Amino acid sequence: TFWGNADELEQGLTATYSALKQTYLWNSQGFKNMNSRGDDIVARIQNPHIYQPDLFLNDPSNTFARDMWKNAYILIFRANQVIDNSQNIEMNDQRKQEIVLEAKFLRSLAYFVLAQNFQQAPLILSSDPETRFPEKASEAELWTQIEKDFMEVSQLPENYSSDMTGHATKWAAKAFLAKSYLYRGKWQLAVDELQGIIDSGQFSLMPDVYDNWNSENENNEESIFEIQYMFSTASNQINQREIHFAPAAIGGYYVLSPSDWIFEEFQKEKTVDGDFDARMYATFIWNYPGAEIYQVPFTEFFSDNPDYIAWKKFQLWDKSIAEASLHRSEINERIMRYSHVLLMYAEAQAELGNLSPSIQAINEIRNRAKLSSIQEGSMTQNEILEEIRHQRALEFHLEGERWYDIVRWGIGNDVFSNNLERPDYMEKFNYFPIPQEELDANSNLIQNDEW
Amino acid sequence: KGVAQNADVVINTNKTLSIKQVFQLINKQTDYKFIYRHDLIKSAPDIHLEKGVIKAYELLDKCLTPINFTYEFTDKGTIVVMEKQITNSLQSIEALQFQVSGKVTDMDGEMLPGANIVEKGTANGVTVDFDGNFVIDVADENAILVVSYIGFATKEVAVNGQINITITLAESASALDEIVVVGYGTVKRSDLTGAVSSIKQDKIEKVASGNVGSAIQGQMAGVQVTSNSGKPGEGVDVKIRGTSSLGSNDPLYIIDGIPSNINNISPNDVESIEVLKDGASAAIYGSRAANGVVLITTKRAREGKFRLDVNGYYGLGSIGKNISVMNAEQHVRTMNQAYINDGLQPFYENSPESYGVGTNWSEEFYSVAPMANLNLNYSGGSKNAKVNSSIDYFNQDGIALNTGFERLSARINSEFTKGKFTFNENLSAYLSQTNNESQSSVKRTLEMPTTVPVYNENNLGGYGGTYGDMFDIFSPIAAQNLFTNNTKNDFIRANFTVNYEAIEKLNIKLNTGGTLNNGYNFNHAQRYDVGTLKSPLNSISENRSRNISWIVEGTADYEWKIEKQTFNFLLGVSSQKESYRNTSGSGSGLPDGIFVLGASTQDMSVSGTEWNHTLASQFGRIHYNYDERYLLSATVRRDGSSRFAEKNKWAVFPSLAMAWRISNESFFSESSVINDFKLRASYGELGNQEIGNYAYSALINSSQHYPFGMDQSLDFGATQLNLASPNLKWESNISKDIGLDISMLRNTLSVTADYYESNSNDLLLRVPIPMSNGSAQFPYQNIGKIRNRGFEFAVNWNKEIGDLRMNLSTNLTTVNNKVIKLGTGDQIIMAGSPYHLAENTTLTKQGGEVGEFFLIKTDGVFQSQEEINNYTHIDESGITSLIQPNAVPGDIRFKDANNDGSITSGDRVYAGSAMPDFTYGFNFQLDWRKFDLYGFFNGSHGNKIFNGTAYAIEGLPNFTNMGTKLLDAWTPDNLSNVPRVSRLDPNGNNRSSSDRFLEDGSYLRLKELQLGYTVSTNKNDDTNTGIDHLRIYVSAQNLFTITNYSGYNPDIYSSSGLLNRGVDTGIYPYSKTFMLGVQISL
């Protein structure tokens, strides 16, 4: 039988990592759930399960929400198997403990997704739980478990040998722990964790921000935790994000598009050279002089639609049309990088009223984007917080942050009040309802009050 | 009696005896007593007897004929002597002066050796010889011949001075002597204790069809056959007495003793099909019999002259029904309106008129398609060596572009007898190829916007396609031309039996055989650029599978008679194994025009799977018959299956059945109305193990890889994906049946009626468990009970009026289905999504039936804002709120069934059943001189269909073309009850969870109408054309269907399973076919 030796425990852990790449987590459809509700995104009116959340017309029957829920629990089941079965395996104790911690890290990522998207959900911590019909845990209980686990996982090694790149490290655990604190407004605790990462000196921003969004410079010095994609005929190794977001002209599904608002937001401030924000060039390709896409001049490629705004971020834009049409994206998903750390740090410090360290962190981000530095004392606390929100929208566009930030900051009504295309926003849409099928299958589960 | 008549009477010396002395002599030598009136026979002359041996009847004839007396041997050991009837008084030995010769054949001209011919009103009779000929001396040229043969209706033929007569007998459907195949044996219908339906070859081959299943549709009570679609070569779904399982409801198919697949046999090779419907009949097949058993017997080698039959037909099919969709101008106008209604920019910029009529996709996609069948069969042989062999070719083009089915089959069956041994073997090969539709082309033909052109030479591949916000659908024309999707099956079935008659009535039989199925799927996609959809590389995938199964069975049966009691014993053991292995490969980047995997330059990948399954069994049966009055059968089978964990591997399945032939009781007066009357009752326990292999175990999936390392190399990942179900056990089924068989009016009218109830326990199902358990698939559980009960009637009537011979038969079936228990009790199972990503429509829960429609009720269309404002809810605190706040005039009003003030999935209520109240079929056969006419109707009543096609084109889940019904959509100027068109649909008008698209699915279809003309029947007449029999016919299939259902075909079965039944997801439509056929016998 399985789960008998160290190799099999490692295989179980590998299988748990592979669950990160399930369709509705960090892959094609998951990215839609993570992004489409933000004001920086417009969904194509094609598949109601995608555009209904975007337009806030979704209800418990939405299958995209359902499958995200399901995929999260599939990840949790695999992690729990590793944790439970480790007990009976005789092997090197240190590696065994690492494996358990890595599994807990992955499990916490899944609970993070559940807390972000559903607010409340059952907490399953065993592969053979007492009941198959669990009640849901409250929002607070979920976050408490997430924090507890990430804290424990912080005992992982700081780094691994180069053949183990991709495994979760101490720093990944601390960064996600800090992120959890941010969601709970625990600013000082967040600062403590983030300060540790910054002070370690192990990470720095890549000079070119685009190195975070292509397949060239993976697992670089900015990277803290990356989901690994590669081109292989083995199942589920290619990043499907590219084809789902690519333009129709190369066979992409262009399911989501950037909103006018975000395109303008990028243009709010010019660089020290009077040019567009460096991140704008790294994020989009539009009709600017000399713009090229798929090795063809932009105007030629989009001759019938010169106003098109294509994403460069996560796309195979520099391949030939024929090659790009194969949609073989190997681009890793850097779900935690040093710029996250810096902007989280800036936010937590600003919330605590420590404006100086906040501005320093913001300036690191701004300077890489070729924007001028903010002078200390030139901004009030609120202005700094506003600046952080602006920088986060730009820096993390399409990386699954903007929508959750809107919810976290409670600014949905402000953001959507003047949005004529999305008039149906209400606070209850901050979270998906518990999927109807889950309620049907589990009478111990009660729909959230707003729904 | 025959024994007594033929008893030898020994005369030891020449003498002359009085008639009384003759009687005493016979009495002394045979023990028979005489009953007679002495006064009436005393005038009889004395008889002179020569020394020697004489038969008893000869002796009696000699005595009694001169005084016009006759006699009768009775069962009670007496000989009754009586006066002859007046009508016969003229008759004398000398009067037998008119000789008639001739032949006796069946309807097909087949000789019937062994048929009996008796001169009416006399004991004068002969038996037809081996070649089918007879010679009889009758009293005069006006004599009447009574011709009888087992399995055929007895016929009276007036001689009318003819000296050579060919007598044709019709098979008698009501014949009680009909031999019925049951599990591991045969039985006379009159001895049957269970509920068994039977259909013979003549009815099967009336329906031109690619498979056996559709040929038996509607022909048998209790057997519901629905087709997966009208696609050539498509299989059927057969359900016997409803659905007793939530998993597989497929019956067990046994072909010539070998478990097999009904789709791998040509209908032309079938001799008979028996369906074991009740628990008692099926229990001999134990763990696989819960859904009934279908026994197929192929054509046997027959004794007699060699004979060659050639049957062929050619037909043309066309689409039977069109669904009306918008032309381009209508489409543009309506779609733009749907955008404008939501405050969006219209999709089409130019004026609707400028788009004109556009493309008629149905016209491009459907065409008139030919079908043809040619079958050659020869058979013949001697008593000890006989053979039957056939070859069959069938080819049907689909009415849809580039679809079709082709089949070639050949078989040989022979039987050799040597002493106590009989050897019998069957060998058949069946090769088929199906060209399938790709990319759901049938549905796409309706959905494809008519504004899109068929061809666009600028696109790679040359076809037009959808673009922009249009739903990403393949043009059906492009899909059928660019993609190849073929399925091939090479199937071999072989078995060999040896029968050893060890002593009289003790037969020991070994049956060994197996099937081999090599399956092959071929998919090829040419590179294309069709609007939004593109692929820059040619790609290919191939899948080969090999499924091999074998069976070894040994049985011994013994018949033991003691006085009026007959016992039949059967004992048997069986062992079976099935193994499957497949290999598939795919690749892309092939050069144009090359279709082999090896030419792939990119994305090469291979994979394979394997499974095995074994079954071991022991079984036995006792059949007891007391005086043809009381019949009793008891069976038991013990099965062990590899599909279950150790503790649940073995199970025992017993059954008991009884029958009482009331008509054979002495108190039952011989009545001219009722000829036979039998009551039956049975009880049986059955099993179902169709859950796939290894379902009980916690399988580890070993393809969950993930790359690690700076160089990203794949690490091997493995884990358990699904929750295990170690306690799985057999589904068990207890089935009870009471029935009666009546034969009336000189056996011309027969009625069979049954009432049954079957209870399934421990149902195996992948029950939806909370997704929070993290199982990738729901695990199997034994979760509930389902009850099915219902009535079945079958009536058969034969009548001859002059030259007109009629046969009418009809059947009717009702099934009442109820889920008695499901899971924890409050468990529900939703299913039946009619469309990609659409909401479920069916619900299964305790107290209801399996897969009933459960939908939000619609309540008309809001005609004004006022109506919306008036549709309010008042909560406990007295606050009034709108029930449908997102609605605008033209939107649907839904019923707030749970009265919670909003329309949610909680408002779903029972909306109807996919199961019919009853299904029925009737057919008639009229023969008049050389003409014959056959018609066959079938139908269903009271079932609902969720019209997924209408949902797709009227519910606008996507940007597609629309049905013309939406031309009447609500606008302020057109206050109709068709809801307004809306692209975003904030009110949920288009939700699939409402009853908007639920329709009545009742129908009556004329499935077959055939008119034949027999050109010649010169049986065995070598002097003439050399053709013994020639018949030509014309026929029409699916000539008309009476139904209110607006989709293509009300006779649907969702191939995606029971819980989706009655959900029409856009299946290949039926064709209406006209055919011309010929049957020749040499």
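Quick caveat: nothing in here was measured; it's all calculated off a predicted structure.

Peer 1: How should the overall build of chain B be read in this particular structure?
Peer 2: Scanning chain B from N- to C-terminus turns up 13 helices and 65 strands. For chain B, the spread of C-alpha atoms along the three principal axes comes to 120 × 70 × 65 Å. Looking at chain B as a whole, 55% of its 1082 residues are labelled buried. Surface exposure of chain B reaches about 45,100 Å², of which carbon and sulfur atoms provide 53%. Across chain B, the mean location of the 92 positive side-chain charges is 7 Å away from that of the 115 negative side-chain charges.

Peer 1: So what exactly am I meant to see when it comes to helix H7 (residues 170–183) of chain A here?
Peer 2: Each full turn of the α-helix corresponds to 3.6 residues, which orients residues three or four apart in the same direction. Residues and elements named next belong to chain A. When the terminal C-alpha atoms of H7 are compared, their 20 Å separation across 14 residues agrees well with the 20 Å that a helix rising 1.5 Å per residue should span. Along H7, 13 of the 14 residues are buried, which leaves the element largely enclosed by surrounding structure. Positive backbone phi, approximately 70 degrees, marks Gly 185, located one or two places after H7.

Peer 1: What is the right way to look at the domain arrangement of chain B in this model?
Peer 2: The accessible area lost on association of the parts is a frequent measure of interface size. Domain boundaries assigned for chain B yield domain 1 (2–84) and domain 2 (93–169). Taking the mean C-alpha position of each, domain 1 of chain B and domain 2 of chain B sit 29 Å from one another.

Peer 1: Explanation requested: the sheet that holds strand E23 (residues 293–298) of chain B in the structure shown.
Peer 2: Sheet strands line up and pair through hydrogen bonds in the backbone, either parallel or antiparallel. Residues and elements named next belong to chain B. Across the sheet, five strands lie side by side as E17-E22-E23-E20-E21; this open sheet has mixed pairing. In the strand order of this sheet, the two ends are held by strand E17 (196–200) and strand E21 (258–259), each with one partner. Pairing analysis gives two bridges linking strand E20 (residues 252–255) to E21, with the strands arranged antiparallel. Counted as the bridge partner of Ile 255 is Ile 258 from E21.

Peer 1: Which parts of the structure should I look at to understand empty space enclosed by the protein?
Peer 2: Any empty space left between atoms is shown by rolling a water-sized probe over those atoms. All names here are of chain B. Scanning the model with the defined rule gives eleven cavities of 30 Å³ or more in all. If you add up the space inside the largest cavity, you get close to 400 Å³. Lining the largest cavity are 33 residues, and of these Gln 224, Thr 226, Pro 916, Thr 919 and Ser 940 sit closest to its centre. Sorting the residues of the lining of the largest cavity by element identifies strand E18 (223–227), strand E19 (236–240), strand E48 (804–813), strand E58 (918–928), strand E59 (931–941) and strand E60 (944–947) as the ones contributing at least two each. The greatest single-element share of the lining of the largest cavity, amounting to four residues, is contributed by E18.

Peer 1: Would you mind going over the pairing of strand E47 (residues 784–801) of chain B with me for this structure?
Peer 2: All names here are of chain B. As paired elements, strand E44 (residues 749–761) and E47 share twelve bridges and run antiparallel to each other. Note that in E47 the partner of Glu 757 across the bridge is Arg 789. Sheet topology places E47 next to strand E49 (residues 816–822); six bridges connect them, and they run antiparallel. Along E49, the bridge assignment pairs Asn 788 with Asn 817. Where E47 hands over to E48, the hairpin turn is made up of two residues, of which Gly 802 adopts a positive phi near 60 degrees.

Peer 1: What is the right way to look at the domain arrangement of chain A in this model?
Peer 2: All names here are of chain A. Structurally, chain A comprises domain 1 (1–153 + 410–451) and domain 2 (241–328). Inter-centroid distance (C-alpha atoms) of domain 1 to domain 2 is 31 Å. Every contact between the two is made by 14 residues of domain 1 and, on the other side, 13 residues of domain 2. Where domain 1 abuts domain 2, roughly 1,200 Å² becomes buried across the two surfaces, and 63% of that area is made up of carbon and sulfur atoms. Counting the contacts that link domain 1 with domain 2 gives zero salt bridges. In this structure, the connection of domain 1 to domain 2 is made through seven residue pairs in polar contact (both at pLDDT 80 or more). Going through the elements one at a time, helix H2 (28–35) and strand E1 (41–43) are the ones with two or more residues in the side of domain 1 that touches domain 2. With five residues, H2 is the single largest residue contributor to the side of domain 1 that touches domain 2. Classifying every residue of the side of domain 1 that touches domain 2 by side-chain character gives five nonpolar, five polar and four charged.

Peer 1: For this particular structure, what's the right way to read the nonpolar core?
Peer 2: As a rule of thumb, nonpolar side chains are buried together in soluble globular proteins. By size, the foremost hydrophobic cluster in this structure holds 150 residues, and its most contacted members are Leu 20, Trp 26, Phe 105, Leu 109 and Phe 225 of chain A. With 14 residues, the single largest contributor to this core is helix H5 (residues 93–118) of chain A. Among the domains, domain 1 (1–153 + 410–451) and domain 2 (241–328) of chain A are the pair contributing at least three residues each to this core. In this view, Leu 20 of chain A contacts Leu 25, Trp 26, Leu 75, Leu 106, Leu 109, Phe 225 and Ile 227 of chain A together with Tyr 706 of chain B; residues no more than four positions away in its chain are not counted. Tyr 366, Ala 838, Ile 953 and Tyr 1068 of chain B belong to the second largest nonpolar core, which has 57 residues in total.

Peer 1: Explain the pattern of salt bridges to me, please; I cannot follow it from the model alone.
Peer 2: When charged atoms on two side chains of opposite charge get close, those side chains can pair. Overall, the coordinates contain 68 salt bridges over all chains when judged by the stated rule. Its salt-bridge partner being Arg 307 of chain B, residue Asp 309 of chain B comes within 3.0 Å of it at the nearest N-O pair. Because the salt bridges share partners, they merge into one network encompassing Glu 222, Asp 277, Arg 279, Lys 313, Arg 337, Arg 368, Glu 395 and Glu 399 of chain A.

Peer 1: I would appreciate a short explanation of the packing of helix H14 (residues 338–352) of chain A against helix H15 (residues 355–368) of chain A in the present structure.
Peer 2: Helix-helix packing is characterised by the crossing angle of the two axes and by the distance between the axes. All names here are of chain A. For the pair H14 and H15, the least separation of the axes is 8 Å and the interaxial angle reads 150 degrees. With respect to H15, the element H14 is oriented roughly antiparallel. Relative to H15, the crossing made by H14 is left-handed. For the pair H14 and H15, the contacting residues are Tyr 338, Ser 339, Leu 342, Leu 343, Tyr 345, Ala 346, Gln 349 and Ala 350 in the first and Leu 355, Pro 357, Ser 358, Ala 361, Ile 362, Glu 364, Ile 365 and Arg 368 in the second. Classifying every residue of the contact of H14 with H15 gives eleven nonpolar, three polar and two charged.

About the criteria used
- Residues numbered from 1 in each chain as written.
- Chains lettered and ligands numbered in written order.
- Predicted model: local features only at pLDDT ≥ 70, side-chain atom pairs only at ≥ 80, totals over all residues.
- Heavy atoms only, no water.
- Helix = DSSP H or I, 4+ residues; strand = E, 2+ residues; numbered from the N terminus.
- Buried < 20%, exposed > 50% of the residue type's maximum accessible area, 1.4 Å probe, protein only.
- Areas by Shrake-Rupley, 256 points an atom, 1.4 Å probe, with all protein chains shown as cover.
- Lys, Arg positive; Asp, Glu negative; His and termini not counted.
- Charge placed at Lys NZ, Arg CZ, Asp CG, Glu CD.
- Expected span 1.5 Å × (residues − 1).
- Domains from an automatic or database assignment.
- Pairing = 2+ DSSP bridges.
- 1 Å grid on protein atoms, 1.4 Å probe; cavity = no way out; pocket = protein on both sides within 12 Å on 5 of 7 lines; lining within 4 Å.
- Points joined across faces, edges and corners; volume = space filled by probe spheres on them.
- Contact = heavy atoms within 4.5 Å.
- Buried area = accessible area lost by both parts, 1.4 Å probe.
- Salt bridge = Lys/Arg side-chain N within 4 Å of Asp/Glu carboxyl O.
- Polar contact = N/O pair within 3.5 Å; in protein donor to acceptor, adjacent residues only side chain to side chain.
- Nonpolar A, V, L, I, M, F, W, Y, C, P; charged D, E, K, R; others polar.
- Core = buried A, V, L, I, M, F, W, Y, C linked by side-chain atoms within 4.5 Å.
- Axes fitted to C-alpha atoms, helices over the stretch in contact; angles between N-to-C directions.
- Parallel < 35°, antiparallel > 145°, perpendicular 65-115°, else oblique.
- Left-handed = near helix turned anticlockwise from the far one by under 90°.

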